[in-house]
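The primary structure of each chain is shown beneath.
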Amino acid sequence: MTTQSTTEAPPREHLAILEAILFSSTRPQPVDSLKTLTGWQSRYIEQAMNMLMDEYAERGIQIRMVANGWQMVTSPAVAPVVEKMHAQASRSALSRAAMETLAIIAYRQPVTRAQIEALRGVKVDHIIPQLFEKNFIRELGRAQAPGRPMLLGTTRHFLTHFGLKNLDDLPELPPDETLSDVNLQHRVADALDAAEHQAAEQLSFGD
Amino acid sequence: MTDAVEHQEEGPRSGYQVKTHLFEGPLDLLLYLVSKQKLDITEMSLAKVAEEYWAYLKMLQTLDLDVESSYLVVFACLLELKSRLLLPPEPEPPDEMDFDLGDTAEFDLVERLKEYKKYKEASLVLQEREREAMQVFPRPIDEEEAIEPPTLDVSLPDLLEALRGVLESYQKRSKKKEGLTMERVAVSVPQRMREIVSFLRPDKTFQFTELFEGEATRDQIIVTFLAILELTRLARIRIWQEVTSGPIFVERAEDVSSRELLLEELMLLEEGGASPGKKRRRGTGPPRKPPRSEDVESLPLPSLEMDKPREEEPV
(Lines give C-alpha, C1' and ligand atoms only; values in the text may rest on other atoms or scores of the structure.)
Protein backbone atom coordinates (compact mmCIF):
# COMPACT_ATOMS: atom_id res chain seq x y z
CA MET A 1 0.00 0.00 0.00
CA THR A 2 1.57 3.23 -1.08
CA THR A 3 1.39 6.40 0.91
CA GLN A 4 -1.06 8.96 -0.38
CA SER A 5 -0.66 12.67 -0.40
CA THR A 6 -3.18 14.48 1.75
CA THR A 7 -4.46 16.58 -1.13
CA GLU A 8 -6.30 13.85 -3.01
CA ALA A 9 -9.38 12.36 -1.42
CA PRO A 10 -9.04 8.76 -0.27
CA PRO A 11 -10.56 6.34 -2.78
CA ARG A 12 -13.48 4.09 -1.88
CA GLU A 13 -11.27 1.02 -1.48
CA HIS A 14 -9.37 2.73 1.28
CA LEU A 15 -12.53 3.68 3.12
CA ALA A 16 -13.60 0.07 2.77
CA ILE A 17 -10.39 -1.12 4.41
CA LEU A 18 -10.81 1.17 7.41
CA GLU A 19 -14.46 0.26 7.68
CA ALA A 20 -13.57 -3.42 7.75
CA ILE A 21 -10.94 -2.91 10.45
CA LEU A 22 -13.38 -1.04 12.67
CA PHE A 23 -16.13 -3.57 12.08
CA SER A 24 -13.99 -6.52 13.06
CA SER A 25 -12.47 -5.00 16.18
CA THR A 26 -14.23 -4.60 19.48
CA ARG A 27 -12.16 -1.81 20.98
CA PRO A 28 -11.32 1.68 19.74
CA GLN A 29 -8.59 1.67 17.09
CA PRO A 30 -5.97 4.35 17.67
CA VAL A 31 -4.37 6.05 14.71
CA ASP A 32 -1.05 4.30 15.45
CA SER A 33 -2.45 0.85 14.97
CA LEU A 34 -4.28 1.91 11.80
CA LYS A 35 -0.99 3.29 10.51
CA THR A 36 0.76 0.04 11.24
CA LEU A 37 -1.98 -1.94 9.55
CA THR A 38 -2.31 0.18 6.42
CA GLY A 39 1.01 1.97 6.08
CA TRP A 40 -0.81 5.24 5.46
CA GLN A 41 -0.05 8.57 7.06
CA SER A 42 -1.91 9.78 10.11
CA ARG A 43 -3.45 12.76 8.36
CA TYR A 44 -4.60 10.61 5.49
CA ILE A 45 -6.21 8.16 7.89
CA GLU A 46 -7.92 11.01 9.72
CA GLN A 47 -9.23 12.40 6.48
CA ALA A 48 -10.55 9.02 5.40
CA MET A 49 -12.11 8.45 8.84
CA ASN A 50 -13.91 11.77 8.69
CA MET A 51 -15.37 10.81 5.32
CA LEU A 52 -16.40 7.45 6.69
CA MET A 53 -17.97 9.05 9.76
CA ASP A 54 -20.00 11.34 7.51
CA GLU A 55 -21.20 8.41 5.48
CA TYR A 56 -22.36 6.67 8.63
CA ALA A 57 -24.12 9.74 10.04
CA GLU A 58 -27.60 8.53 9.08
CA ARG A 59 -27.09 4.85 9.78
CA GLY A 60 -27.95 2.60 12.70
CA ILE A 61 -24.23 2.20 13.22
CA GLN A 62 -21.97 5.15 13.81
CA ILE A 63 -18.26 5.69 14.10
CA ARG A 64 -17.25 7.57 17.19
CA MET A 65 -13.96 8.95 18.38
CA VAL A 66 -13.30 7.66 21.87
CA ALA A 67 -10.26 7.01 24.06
CA ASN A 68 -7.93 8.29 21.31
CA GLY A 69 -9.34 5.87 18.76
CA TRP A 70 -12.22 5.15 16.42
CA GLN A 71 -14.91 2.66 17.22
CA MET A 72 -18.11 1.43 15.63
CA VAL A 73 -21.12 1.72 17.90
CA THR A 74 -24.87 1.67 17.49
CA SER A 75 -26.44 5.07 16.94
CA PRO A 76 -28.01 6.86 19.92
CA ALA A 77 -31.11 7.30 17.73
CA VAL A 78 -31.84 3.58 17.87
CA ALA A 79 -31.01 3.29 21.57
CA PRO A 80 -34.61 2.84 22.82
CA VAL A 81 -34.93 -0.44 20.93
CA VAL A 82 -31.36 -1.70 21.07
CA GLU A 83 -31.23 -1.02 24.81
CA LYS A 84 -33.86 -3.69 25.42
CA MET A 85 -31.60 -6.28 23.88
CA HIS A 86 -28.79 -5.34 26.24
CA ALA A 87 -30.92 -4.90 29.33
CA GLN A 88 -29.49 -8.01 30.92
CA ALA A 89 -25.90 -6.95 30.55
CA SER A 90 -24.67 -5.47 33.77
CA ARG A 91 -23.96 -1.88 32.85
CA SER A 92 -24.51 -0.71 36.39
CA ALA A 93 -24.06 2.95 37.03
CA LEU A 94 -21.83 4.13 39.83
CA SER A 95 -23.12 5.27 43.20
CA ARG A 96 -23.13 8.98 43.88
CA ALA A 97 -20.18 8.66 46.24
CA ALA A 98 -18.21 6.66 43.68
CA MET A 99 -19.10 9.14 40.96
CA GLU A 100 -17.87 12.08 43.02
CA THR A 101 -14.66 10.26 43.86
CA LEU A 102 -14.10 9.32 40.25
CA ALA A 103 -14.73 12.90 39.15
CA ILE A 104 -12.11 14.17 41.59
CA ILE A 105 -9.61 11.58 40.36
CA ALA A 106 -10.35 12.39 36.72
CA TYR A 107 -9.90 16.14 37.11
CA ARG A 108 -7.13 16.19 39.70
CA GLN A 109 -4.96 13.26 38.62
CA PRO A 110 -2.41 12.38 39.82
CA VAL A 111 -4.08 12.56 43.20
CA THR A 112 -3.68 10.67 46.47
CA ARG A 113 -6.44 9.13 48.54
CA ALA A 114 -5.79 11.65 51.32
CA GLN A 115 -6.28 14.54 48.92
CA ILE A 116 -9.59 13.10 47.76
CA GLU A 117 -10.71 12.65 51.35
CA ALA A 118 -9.77 16.22 52.20
CA LEU A 119 -11.85 17.41 49.28
CA ARG A 120 -14.89 15.28 49.99
CA GLY A 121 -14.63 15.54 53.77
CA VAL A 122 -15.30 11.84 54.06
CA LYS A 123 -13.35 8.59 53.83
CA VAL A 124 -13.08 6.85 50.49
CA ASP A 125 -11.43 3.55 51.54
CA HIS A 126 -14.35 1.47 50.37
CA ILE A 127 -14.81 3.37 47.11
CA ILE A 128 -11.28 3.21 45.70
CA PRO A 129 -11.24 -0.62 45.42
CA GLN A 130 -14.59 -0.47 43.59
CA LEU A 131 -13.16 1.92 41.03
CA PHE A 132 -10.11 -0.29 40.63
CA GLU A 133 -12.34 -3.29 40.13
CA LYS A 134 -14.31 -1.54 37.42
CA ASN A 135 -11.00 -0.69 35.77
CA PHE A 136 -11.72 3.04 35.86
CA ILE A 137 -8.62 4.01 37.81
CA ARG A 138 -5.01 2.94 38.02
CA GLU A 139 -1.88 3.67 39.96
CA LEU A 140 0.23 6.39 38.36
CA GLY A 141 3.08 6.10 40.83
CA ARG A 142 3.86 7.06 44.38
CA ALA A 143 3.86 10.53 45.86
CA GLN A 144 6.98 11.98 47.47
CA ALA A 145 5.23 12.17 50.82
CA PRO A 146 5.32 10.25 54.09
CA GLY A 147 4.15 6.70 53.52
CA ARG A 148 4.68 7.10 49.77
CA PRO A 149 0.94 7.16 49.07
CA MET A 150 -0.37 5.85 45.80
CA LEU A 151 -1.07 8.41 43.09
CA LEU A 152 -4.33 7.68 41.32
CA GLY A 153 -5.36 8.40 37.75
CA THR A 154 -7.90 7.20 35.23
CA THR A 155 -7.59 4.38 32.70
CA ARG A 156 -8.30 4.10 29.01
CA HIS A 157 -11.38 2.11 29.91
CA PHE A 158 -12.64 5.14 31.82
CA LEU A 159 -12.47 7.20 28.62
CA THR A 160 -14.31 4.54 26.63
CA HIS A 161 -16.99 4.04 29.24
CA PHE A 162 -17.73 7.74 29.50
CA GLY A 163 -17.47 8.31 25.75
CA LEU A 164 -14.56 10.71 26.08
CA LYS A 165 -12.09 11.30 23.24
CA ASN A 166 -9.27 11.94 25.70
CA LEU A 167 -8.75 13.65 29.06
CA ASP A 168 -9.04 17.10 27.46
CA ASP A 169 -12.55 16.07 26.46
CA LEU A 170 -13.71 16.02 30.10
CA PRO A 171 -16.58 18.43 30.64
CA GLU A 172 -15.30 21.75 31.92
CA LEU A 173 -15.30 22.24 35.64
CA PRO A 174 -17.82 24.78 36.86
CA PRO A 175 -16.01 28.09 37.31
CA ASP A 176 -14.79 29.18 40.70
CA GLU A 177 -17.18 31.44 42.44
CA THR A 178 -14.93 34.39 42.06
CA LEU A 179 -15.54 37.00 44.67
CA SER A 180 -13.59 40.17 44.60
CA ASP A 181 -12.47 41.39 48.00
CA VAL A 182 -14.99 44.21 47.95
CA ASN A 183 -17.75 41.84 46.97
CA LEU A 184 -16.81 39.42 49.69
CA GLN A 185 -16.86 42.12 52.32
CA HIS A 186 -20.35 43.11 51.26
CA ARG A 187 -21.55 39.56 51.40
CA VAL A 188 -19.99 39.01 54.78
CA ALA A 189 -21.60 42.16 56.05
CA ASP A 190 -24.98 40.96 54.77
CA ALA A 191 -24.47 37.53 56.30
CA LEU A 192 -23.55 39.22 59.53
CA ASP A 193 -26.79 41.18 59.59
CA ALA A 194 -28.78 38.07 58.84
CA ALA A 195 -26.98 36.09 61.51
CA GLU A 196 -27.50 38.81 64.08
CA HIS A 197 -31.13 39.01 63.22
CA GLN A 198 -31.65 35.30 63.44
CA ALA A 199 -29.55 34.86 66.51
CA ALA A 200 -31.78 37.35 68.30
CA GLU A 201 -34.79 35.17 67.53
CA GLN A 202 -33.32 31.76 68.16
CA LEU A 203 -30.09 31.68 70.03
CA SER A 204 -30.52 28.16 71.21
CA PHE A 205 -29.90 25.36 68.84
CA GLY A 206 -29.12 21.93 70.15
CA ASP A 207 -30.28 21.00 73.58
CA MET B 1 -23.98 6.62 58.21
CA THR B 2 -26.78 4.14 58.44
CA ASP B 3 -29.83 6.35 58.56
CA ALA B 4 -31.19 8.13 55.58
CA VAL B 5 -32.98 11.41 55.68
CA GLU B 6 -35.95 11.58 53.43
CA HIS B 7 -36.50 14.71 51.52
CA GLN B 8 -37.24 15.89 48.05
CA GLU B 9 -34.25 16.88 46.05
CA GLU B 10 -35.09 20.31 44.84
CA GLY B 11 -33.29 22.39 42.31
CA PRO B 12 -33.06 23.16 38.64
CA ARG B 13 -32.89 19.51 37.59
CA SER B 14 -36.61 18.88 37.86
CA GLY B 15 -36.53 15.81 35.64
CA TYR B 16 -34.21 14.10 38.05
CA GLN B 17 -35.84 13.58 41.40
CA VAL B 18 -34.30 11.60 44.15
CA LYS B 19 -36.57 10.70 47.01
CA THR B 20 -34.26 9.22 49.57
CA HIS B 21 -31.03 10.92 50.12
CA LEU B 22 -28.05 9.69 52.01
CA PHE B 23 -25.56 12.42 52.65
CA GLU B 24 -22.05 11.72 51.55
CA GLY B 25 -20.32 13.22 54.53
CA PRO B 26 -20.47 16.52 56.38
CA LEU B 27 -19.66 18.73 53.40
CA ASP B 28 -22.45 17.18 51.40
CA LEU B 29 -24.91 17.74 54.23
CA LEU B 30 -23.77 21.31 54.71
CA LEU B 31 -23.98 21.98 51.01
CA TYR B 32 -27.53 20.67 50.96
CA LEU B 33 -28.57 22.82 53.91
CA VAL B 34 -27.03 25.89 52.34
CA SER B 35 -28.61 25.24 48.96
CA LYS B 36 -31.98 24.67 50.62
CA GLN B 37 -31.87 28.29 51.66
CA LYS B 38 -31.26 29.10 48.02
CA LEU B 39 -28.36 31.24 49.04
CA ASP B 40 -24.81 31.56 47.95
CA ILE B 41 -22.37 29.78 50.23
CA THR B 42 -20.98 33.06 51.44
CA GLU B 43 -24.41 34.37 52.31
CA MET B 44 -25.87 31.44 54.17
CA SER B 45 -27.79 32.06 57.33
CA LEU B 46 -25.49 30.36 59.75
CA ALA B 47 -27.89 30.07 62.62
CA LYS B 48 -30.40 28.18 60.56
CA VAL B 49 -27.85 25.99 58.88
CA ALA B 50 -26.19 25.18 62.17
CA GLU B 51 -29.51 24.29 63.72
CA GLU B 52 -30.50 21.92 60.95
CA TYR B 53 -27.05 20.48 60.86
CA TRP B 54 -27.27 19.70 64.56
CA ALA B 55 -30.66 18.13 64.07
CA TYR B 56 -29.30 15.81 61.44
CA LEU B 57 -26.34 14.97 63.60
CA LYS B 58 -28.59 13.95 66.44
CA MET B 59 -30.59 11.82 64.08
CA LEU B 60 -27.56 10.05 62.75
CA GLN B 61 -26.56 8.54 66.07
CA THR B 62 -24.02 6.25 64.61
CA LEU B 63 -21.32 4.77 66.76
CA ASP B 64 -18.82 5.11 63.98
CA LEU B 65 -16.24 7.46 65.41
CA ASP B 66 -14.73 8.27 62.05
CA VAL B 67 -18.06 9.37 60.67
CA GLU B 68 -19.27 11.22 63.75
CA SER B 69 -16.01 13.05 64.30
CA SER B 70 -15.87 14.24 60.73
CA TYR B 71 -19.34 15.71 61.15
CA LEU B 72 -18.42 17.23 64.48
CA VAL B 73 -15.35 18.95 63.07
CA VAL B 74 -17.47 20.68 60.50
CA PHE B 75 -20.06 21.53 63.13
CA ALA B 76 -17.37 23.08 65.30
CA CYS B 77 -16.26 25.15 62.34
CA LEU B 78 -19.83 26.29 61.86
CA LEU B 79 -20.08 27.32 65.50
CA GLU B 80 -16.88 29.25 65.24
CA LEU B 81 -18.07 30.99 62.13
CA LYS B 82 -21.33 31.85 63.80
CA SER B 83 -19.77 33.18 66.97
CA ARG B 84 -17.36 35.22 64.97
CA LEU B 85 -20.12 36.80 62.98
CA LEU B 86 -21.98 37.67 66.16
CA LEU B 87 -19.14 39.86 67.31
CA PRO B 88 -19.25 43.43 66.08
CA PRO B 89 -16.75 43.99 63.33
CA GLU B 90 -13.61 45.78 64.29
CA PRO B 91 -14.24 49.49 63.84
CA GLU B 92 -11.11 50.03 61.83
CA PRO B 93 -9.65 46.78 60.63
CA PRO B 94 -5.96 47.06 59.83
CA ASP B 95 -5.31 47.14 56.11
CA GLU B 96 -3.37 43.92 55.92
CA MET B 97 -5.93 42.04 58.01
CA ASP B 98 -8.81 41.77 55.60
CA PHE B 99 -11.95 40.38 57.09
CA ASP B 100 -11.61 37.06 55.41
CA LEU B 101 -13.73 34.03 56.11
CA GLY B 102 -10.88 31.67 55.46
CA ASP B 103 -7.98 33.31 57.19
CA THR B 104 -7.11 30.50 59.56
CA ALA B 105 -5.83 27.17 58.41
CA GLU B 106 -8.36 24.98 60.17
CA PHE B 107 -11.15 27.28 59.25
CA ASP B 108 -11.41 27.30 55.52
CA LEU B 109 -14.88 25.85 55.56
CA VAL B 110 -16.25 28.17 52.93
CA GLU B 111 -13.35 27.41 50.62
CA ARG B 112 -13.71 23.70 51.16
CA LEU B 113 -17.42 23.89 50.56
CA LYS B 114 -16.92 25.78 47.31
CA GLU B 115 -14.31 23.31 46.11
CA TYR B 116 -16.48 20.35 47.05
CA LYS B 117 -19.45 21.88 45.27
CA LYS B 118 -17.39 22.25 42.12
CA TYR B 119 -16.56 18.55 41.96
CA LYS B 120 -20.02 17.50 43.00
CA GLU B 121 -21.40 19.43 40.04
CA ALA B 122 -18.70 18.04 37.78
CA SER B 123 -19.65 14.53 38.83
CA LEU B 124 -23.25 15.18 37.77
CA VAL B 125 -22.10 16.33 34.34
CA LEU B 126 -19.86 13.30 34.10
CA GLN B 127 -22.77 11.08 35.03
CA GLU B 128 -24.73 12.64 32.20
CA ARG B 129 -21.88 11.82 29.83
CA GLU B 130 -21.92 8.27 31.09
CA ARG B 131 -25.65 8.03 30.51
CA GLU B 132 -25.20 9.27 26.95
CA ALA B 133 -22.29 6.92 26.34
CA MET B 134 -24.40 4.03 27.57
CA GLN B 135 -26.94 4.71 24.84
CA VAL B 136 -24.55 3.43 22.24
CA PHE B 137 -23.39 -0.12 22.05
CA PRO B 138 -20.09 -1.29 20.64
CA ARG B 139 -19.61 -4.83 19.52
CA PRO B 140 -19.56 -6.89 22.70
CA ILE B 141 -16.19 -7.42 24.30
CA ASP B 142 -15.17 -10.64 25.93
CA GLU B 143 -15.42 -10.29 29.68
CA GLU B 144 -11.90 -11.60 30.15
CA GLU B 145 -10.57 -9.34 27.47
CA ALA B 146 -12.19 -6.34 29.11
CA ILE B 147 -10.43 -6.96 32.37
CA GLU B 148 -7.02 -7.48 30.78
CA PRO B 149 -6.76 -5.37 27.66
CA PRO B 150 -4.00 -6.44 25.25
CA THR B 151 -2.00 -3.33 25.91
CA LEU B 152 -1.65 -2.15 29.46
CA ASP B 153 -0.13 1.08 30.49
CA VAL B 154 3.03 0.21 32.35
CA SER B 155 2.80 0.78 36.07
CA LEU B 156 5.66 2.53 37.78
CA PRO B 157 6.61 -0.44 39.98
CA ASP B 158 6.97 -2.60 36.87
CA LEU B 159 9.08 0.03 35.19
CA LEU B 160 11.38 0.28 38.18
CA GLU B 161 11.58 -3.49 38.30
CA ALA B 162 12.67 -3.52 34.67
CA LEU B 163 15.35 -0.93 35.39
CA ARG B 164 16.57 -3.02 38.29
CA GLY B 165 16.83 -5.98 35.94
CA VAL B 166 18.92 -3.97 33.51
CA LEU B 167 21.21 -2.73 36.25
CA GLU B 168 21.62 -6.21 37.68
CA SER B 169 22.56 -7.71 34.33
CA TYR B 170 25.00 -4.85 33.91
CA GLN B 171 26.55 -5.62 37.27
CA LYS B 172 26.96 -9.25 36.31
CA ARG B 173 28.61 -8.23 33.08
CA SER B 174 30.94 -5.77 34.74
CA LYS B 175 32.03 -8.32 37.33
CA LYS B 176 33.23 -10.61 34.59
CA LYS B 177 35.37 -7.87 33.15
CA GLU B 178 37.15 -7.27 36.41
CA GLY B 179 40.15 -5.03 36.28
CA LEU B 180 39.12 -3.39 33.07
CA THR B 181 39.47 0.35 33.01
CA MET B 182 36.41 2.01 31.58
CA GLU B 183 35.95 5.49 30.37
CA ARG B 184 32.86 7.52 30.82
CA VAL B 185 31.25 8.33 27.55
CA ALA B 186 29.45 11.61 27.84
CA VAL B 187 25.87 11.32 26.66
CA SER B 188 23.26 13.80 27.74
CA VAL B 189 19.63 13.00 28.33
CA PRO B 190 18.30 15.17 25.46
CA GLN B 191 20.83 13.64 23.14
CA ARG B 192 19.89 10.14 24.22
CA MET B 193 16.24 11.06 23.72
CA ARG B 194 16.90 11.93 20.13
CA GLU B 195 18.88 8.75 19.60
CA ILE B 196 16.08 6.66 20.98
CA VAL B 197 13.49 8.34 18.78
CA SER B 198 15.55 7.81 15.65
CA PHE B 199 16.33 4.25 16.73
CA LEU B 200 12.70 3.31 17.12
CA ARG B 201 10.79 2.57 13.95
CA PRO B 202 7.14 3.51 13.83
CA ASP B 203 6.11 0.12 12.52
CA LYS B 204 8.12 -1.91 14.98
CA THR B 205 7.92 -2.65 18.66
CA PHE B 206 11.02 -3.06 20.75
CA GLN B 207 11.59 -4.65 24.10
CA PHE B 208 12.45 -2.27 26.89
CA THR B 209 15.75 -4.04 27.49
CA GLU B 210 16.81 -3.67 23.87
CA LEU B 211 17.25 0.05 24.41
CA PHE B 212 19.92 -0.69 26.98
CA GLU B 213 21.98 -3.06 24.86
CA GLY B 214 25.54 -1.93 24.54
CA GLU B 215 25.35 0.40 27.50
CA ALA B 216 28.84 0.40 28.92
CA THR B 217 28.38 2.23 32.19
CA ARG B 218 25.90 2.55 34.95
CA ASP B 219 25.57 6.27 34.22
CA GLN B 220 24.56 5.55 30.67
CA ILE B 221 21.90 3.15 31.81
CA ILE B 222 20.49 5.85 34.05
CA VAL B 223 20.68 8.43 31.26
CA THR B 224 18.85 6.07 28.92
CA PHE B 225 16.21 5.41 31.55
CA LEU B 226 15.68 9.11 32.16
CA ALA B 227 15.45 9.67 28.42
CA ILE B 228 12.76 6.99 28.18
CA LEU B 229 10.80 8.58 31.02
CA GLU B 230 11.05 12.02 29.47
CA LEU B 231 10.00 10.78 26.03
CA THR B 232 7.04 9.01 27.57
CA ARG B 233 6.03 12.15 29.38
CA LEU B 234 6.21 14.11 26.14
CA ALA B 235 4.18 11.39 24.43
CA ARG B 236 6.90 10.81 21.89
CA ILE B 237 7.10 7.13 22.72
CA ARG B 238 4.66 4.71 24.20
CA ILE B 239 5.55 2.02 26.71
CA TRP B 240 3.16 -0.79 27.36
CA GLN B 241 2.95 -4.41 28.39
CA GLU B 242 0.66 -7.28 27.61
CA VAL B 243 0.28 -8.53 31.16
CA THR B 244 1.13 -7.05 34.50
CA SER B 245 4.73 -7.83 35.41
CA GLY B 246 5.25 -9.01 31.83
CA PRO B 247 7.91 -7.74 29.46
CA ILE B 248 7.71 -4.02 28.71
CA PHE B 249 7.51 -2.89 25.10
CA VAL B 250 8.51 0.43 23.64
CA GLU B 251 7.29 1.96 20.43
CA ARG B 252 7.20 5.30 18.77
CA ALA B 253 4.00 7.16 19.34
CA GLU B 254 2.67 8.53 16.09
CA ASP B 255 -0.19 10.61 17.26
CA VAL B 256 -1.40 13.48 15.18
CA SER B 257 -2.44 15.77 17.96
CA SER B 258 -1.22 19.29 17.33
CA ARG B 259 1.16 19.07 20.25
CA GLU B 260 2.72 16.02 18.75
CA LEU B 261 3.17 17.58 15.34
CA LEU B 262 4.76 20.62 16.88
CA LEU B 263 7.26 18.47 18.70
CA GLU B 264 7.98 16.52 15.56
CA GLU B 265 8.70 19.73 13.68
CA LEU B 266 10.88 21.05 16.47
CA MET B 267 12.77 17.82 16.42
CA LEU B 268 13.34 18.00 12.68
CA LEU B 269 14.58 21.55 13.02
CA GLU B 270 16.95 20.51 15.74
CA GLU B 271 18.36 17.78 13.59
CA GLY B 272 18.83 20.09 10.65
CA GLY B 273 16.23 18.32 8.55
CA ALA B 274 17.79 14.92 8.97
CA SER B 275 15.34 12.09 8.62
CA PRO B 276 14.40 10.87 12.09
CA GLY B 277 13.45 7.41 10.95
CA LYS B 278 16.52 6.24 9.07
CA LYS B 279 16.68 2.50 8.81
CA ARG B 280 18.99 0.93 11.33
CA ARG B 281 19.77 -2.60 12.14
CA ARG B 282 17.95 -3.96 15.09
CA GLY B 283 19.74 -5.15 18.18
CA THR B 284 22.95 -3.23 17.82
CA GLY B 285 21.73 -0.37 19.92
CA PRO B 286 21.36 3.15 18.72
CA PRO B 287 24.55 4.75 17.47
CA ARG B 288 26.11 7.49 19.51
CA LYS B 289 27.10 10.86 18.25
CA PRO B 290 29.84 12.79 19.97
CA PRO B 291 28.22 15.36 22.24
CA ARG B 292 28.05 18.89 20.99
CA SER B 293 27.28 21.48 23.54
CA GLU B 294 25.10 23.63 21.28
CA ASP B 295 22.88 20.61 20.71
CA VAL B 296 22.17 20.37 24.35
CA GLU B 297 21.52 24.02 24.90
CA SER B 298 19.36 24.62 21.87
CA LEU B 299 17.04 21.73 22.55
CA PRO B 300 13.70 23.08 23.81
CA LEU B 301 13.21 20.41 26.41
CA PRO B 302 13.01 20.67 30.17
CA SER B 303 16.44 20.18 31.59
CA LEU B 304 17.13 17.27 33.83
CA GLU B 305 19.86 17.10 36.35
CA MET B 306 22.02 14.89 34.23
CA ASP B 307 21.70 16.74 30.97
CA LYS B 308 25.16 18.23 30.85
CA PRO B 309 27.77 16.16 29.10
CA ARG B 310 30.30 14.87 31.54
CA GLU B 311 34.00 15.38 31.23
CA GLU B 312 35.81 12.28 30.24
CA GLU B 313 37.50 10.81 33.21
CA PRO B 314 38.86 7.39 34.06
CA VAL B 315 36.91 5.42 36.61
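Residues numbered from 1 in each chain as written. Chains lettered and ligands numbered in written order. Predicted model: local features only at pLDDT ≥ 70, side-chain atom pairs only at ≥ 80, totals over all residues. Heavy atoms only, no water.

**As for the packing of aromatic side chains**
Considering all chains together, one arrives at eight aromatic pairs over all chains under this definition. Measuring from centroid to centroid gives 6.2 Å for A:Tyr107 and B:Tyr119, while their planes differ by 65°, and the two rings are edge-to-face. Of this pair, A:Tyr107 sits in helix 5 (residues 96-108) while B:Tyr119 is found in helix 4 (residues 109-133), placing the two residues in two different chains. In this pair, the class of A:Tyr107 matches that of B:Tyr119, namely buried. (Phe/Tyr/Trp six-rings, centres within 6.5 Å; stacked < 30°, edge-to-face > 60°. Helix = DSSP H or I, 4+ residues; strand = E, 2+ residues; numbered from the N terminus. Buried < 20%, exposed > 50% of the residue type's maximum accessible area, 1.4 Å probe, protein only.)

**Re the pairing of strand 2 (residues 61-66) of chain A**
Pairing of strand 2 of chain A with strand 3 (residues 69-74) of chain A involves six bridges; the strand directions are antiparallel. Opposite A:Val66, over in strand 3 of chain A, you have A:Gly69 as the bridge partner. (Pairing = 2+ DSSP bridges.)

**Let's talk about unusual backbone geometry**
All names here are of chain A. Put simply, Gln 109 and Pro 110 share a cis peptide bond, and its omega is -5°. Assignment of secondary structure puts Pro 110 in the loop between helix 5 and helix 6 (113-120). In the Ramachandran plot, Asn 68 falls in the positive-phi region, its phi being about 60° despite a non-glycine side chain. You can see Asn 68 is positioned in the loop between strand 2 and strand 3. Non-glycine residue Arg 148 carries a positive phi angle of around 40°. Here Arg 148 lies in the loop between strand 4 (137-142) and strand 5 (150-154).

**Focus on the packing of helix 5 of chain A against helix 6 of chain A**
All names here are of chain A. As a packed pair, helix 5 and helix 6 sit with axes 11 Å apart at the nearest point and diverge in direction by 120°. When the axes of helix 5 and helix 6 are compared, the pair comes out oblique. Seen from above, helix 5 lies across helix 6 with right-handed handedness. Residue-level contacts link Ala 97, Glu 100, Thr 101, Ile 104, Ile 105 and Arg 108 of helix 5 to Ile 116, Leu 119 and Arg 120 of helix 6. Here the contact of helix 5 with helix 6 is built from residues that sort into five nonpolar, one polar and three charged. (Axes fitted to C-alpha atoms, helices over the stretch in contact; angles between N-to-C directions. Parallel < 35°, antiparallel > 145°, perpendicular 65-115°, else oblique. Left-handed = near helix turned anticlockwise from the far one by under 90°. Contact = heavy atoms within 4.5 Å. Nonpolar A, V, L, I, M, F, W, Y, C, P; charged D, E, K, R; others polar.)

**What about the environment of B:Ser123?**
In this structure, B:Ser123 sits in helix 4. A relative accessible area of 3% places B:Ser123 in the buried class. Not counting residues up to four positions away in its chain, the partners in contact with B:Ser123 are A:Met99, A:Glu100 and A:Ala103.

Keep in mind these numbers describe shape, not what the thing actually does.
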